[in-house]
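If you want the building blocks of each chain, they are given just below.
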Amino acid sequence: MTSTTLLQRPTVTVSDFRCSAVPGEKPFTELHRCHSISFVRKGSFGYHSRGRSHELVAGSFLIGTPDTEFICTHDHVCGDECLSFFFEQELVDMIGDRAEAWQVGATPPLAELMVLGELAQAAADGQSDIGLDEAGHLLASRLVEVVSGKSGKRTSVTARDRRRAVEAALWIDENSHREIELEDVARQAGISPFHFLRLFSAVLGVTPHQYLLRSRLRHAARYLADDDKAVTDIAYDVGFNDLSNFVRTFHRAAGVSPLKFRQASRGMRKIFQERLGLN
């Protein structure tokens, strides 16, 4: 079993697990140390806990609760791959600790959860503009709703909430060149990250991370059109810490590479200047 930590935040940690166990390999008892949700993206394995047995395949979810013993087996296929979210009790309490939802052990491939699992995987792969921590918050909230059969409370937005969301958006835009985490902005707003994520999304229609990313892209587009800085310098100046990630994200948003965008913007500006007799 190999484990890679992809993200570590105060309320959620995300890890990538890859197991190469083969049929017949002797299983051993393990212990869940916190609440967790693991999205099975490949392979299959058996899960035994609390006197119940589950066969998990791609699209299934393993649900862990603190201090619960379990055994994983591989009687049918070799290995599996999972994207796992580990939640602190604080976040579980915020969502609503409906015990029945967290004690089911596992879920079959449910459409309502699989789509969020794939969204989370896309975020982990850098192919989505939603934050990996945001994906974890959304997945945990949706799990509780689906398994318990009880819809979460609809977010009630007050005038004060709208002001909080707008002020947070302005703060994000002003500081978008910095490394910003969900907890940082929630602290500015004076509420928990979970409630801030729901409030911000309800008021502005995008998640905080999506707004952060789009602020960076907006600033980058302006620099590309009006500045002679190298593309690499612009990427780092606006907050991207990886050039390839910047190029990929910008291309996904604009439909062209940063260099092509610069060339097109300069060409259009020249055309307008010539038409207006400004040359």
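For the structure itself, look to the data block above.
The structure presented is a predicted model; accordingly, all values stated were derived computationally and were not measured. (Residues numbered from 1 in each chain as written. Predicted model: local features only at pLDDT ≥ 70, side-chain atom pairs only at ≥ 80, totals over all residues. Heavy atoms only, no water.)

A. Region of the structure containing the side chain of S141. Note that S141 resides in helix α4 (residues 132-148). On the accessibility criterion, S141 (11% relative accessible area) is buried. (Helix = DSSP H or I, 4+ residues; strand = E, 2+ residues; numbered from the N terminus. Buried < 20%, exposed > 50% of the residue type's maximum accessible area, 1.4 Å probe, protein only.)

B. Helix α10 (residues 243-254), seen in detail. For α10, spanning 12 residues, the distance from its first C-alpha to its last is 16 Å, which sits close to the expected 16 Å at 1.5 Å a residue. One or two steps after α10, the chain reaches G255, where phi turns positive at roughly 85°. (Expected span 1.5 Å × (residues − 1).)

C. α4, seen in detail. The end-to-end C-alpha distance of α4 is 24 Å, a good match for the 24 Å that 17 residues give at a rise of 1.5 Å each. Within α4, 13 of the 17 residues are buried, leaving the element largely enclosed by the surrounding structure. At the C-terminal side of α4, G149 shows a positive phi close to 75°.

D. Molecular detail of the nonpolar core. The biggest cluster of nonpolar side chains holds 29 residues, and the ones touching the most others in it are I37, F85, F87 and W102. The set of elements that each furnish at least two residues to this core consists of β2 (12-19), β4 (35-49), β6 (61-64), β8 (80-87), α1 (89-95), α2 (99-102), α3 (111-124) and α4. Broken down by element, the residue count for this core peaks at six residues, all from α4. A169, I172, L182 and L199 belong to the second largest nonpolar core, which has 16 residues in total. (Core = buried A, V, L, I, M, F, W, Y, C linked by side-chain atoms within 4.5 Å.)

E. Up close: the pattern of salt bridges. This structure, assessed with the given rule, holds 11 salt bridges. Of the charged contacts in the structure, one is a salt bridge between R214 and D129, with a shortest N-O distance of 2.6 Å. On the criterion of sequence distance, the pair formed by R214 in helix α8 (residues 208-226) and D129 in the loop between α3 and α4 is long-range, its members being 85 residues apart. By relative accessible area, which is 40% here, R214 ends up partly exposed. Ionic pairing is found between D173 and R218, a salt bridge with its closest N-O pair at 2.3 Å. You can see D173 sitting in helix α5 (residues 159-174) and its partner R218 sitting in helix α8, a full 45 residues away along the chain. (Salt bridge = Lys/Arg side-chain N within 4 Å of Asp/Glu carboxyl O.)

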